[in-house]
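# Structural features, examined
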Amino acid sequence: MSNLKRLDISNNDLNTLPPQLGLMDNLTSIAIDGNPLRAIRREIIAKGTNAIKDYLKLKLAPEEAEVSGPTIPDIKPDEIMLQTKTPGTEPPRNAPGAGL
């Protein structure tokens, strides 16, 4: 299946797509109309195959991803993991401007 170029899975009542589709370099066209895909935002689907593949790569487990950190520039904050503060990066409590 690594040579697959076009995938038409329209009108198949699919709820999800396998994230591994994002790793298929030769895949240039995914037709997914008519499926109740709730996990993928319509804005991403409207951008086309490459945006869908990028989104699916984000859903891969780290050990499955060939590339570390695929991103979509205008992805919504609730679709990515937010980074937490690194311990020791907060200013001391008595520092000027602290607590503002």
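It should be noted that the structure appears before, not after, this text.
First, a word on scope: everything that follows refers to the structure included in this document.

About the cut-offs
Residues numbered from 1 in each chain as written. Predicted model: local features only at pLDDT ≥ 70, side-chain atom pairs only at ≥ 80, totals over all residues. Heavy atoms only, no water. Helix = DSSP H or I, 4+ residues; strand = E, 2+ residues; numbered from the N terminus. Buried < 20%, exposed > 50% of the residue type's maximum accessible area, 1.4 Å probe, protein only. Contact = heavy atoms within 4.5 Å.

On to the environment of Asn-12. With respect to the secondary-structure elements, Asn-12 resides in the loop between β1 (6–8) and β2 (29–31). Given the relative accessible area of 44%, Asn-12 is considered partly exposed. Not counting chain neighbours up to four residues away, the residues in contact with Asn-12 comprise Gly-34 and Asn-35.

Right, let's talk about the environment of Ala-31 for a bit. Relative to the elements of secondary structure, Ala-31 occurs in strand β2. Accessibility expressed as a relative area gives 23% for Ala-31, which makes it partly exposed. For the pair Ala-31 and Ile-9, spaced 22 residues apart in sequence, the C-alpha to C-alpha distance is 5.9 Å. When sequence neighbours within four positions are dropped, the list of residues in contact with Ala-31 reads Leu-7, Asp-8, Ile-9 and Ser-10.

For helix α2 (residues 49–58), the buried fraction is high: 7 of the 10 residues fall into the buried class. For α2, the set of buried residues is Thr-49, Ala-51, Ile-52, Lys-53, Tyr-55, Leu-56 and Lys-57. Along its buried surface, α2 packs onto β2 and α1 (42–47).

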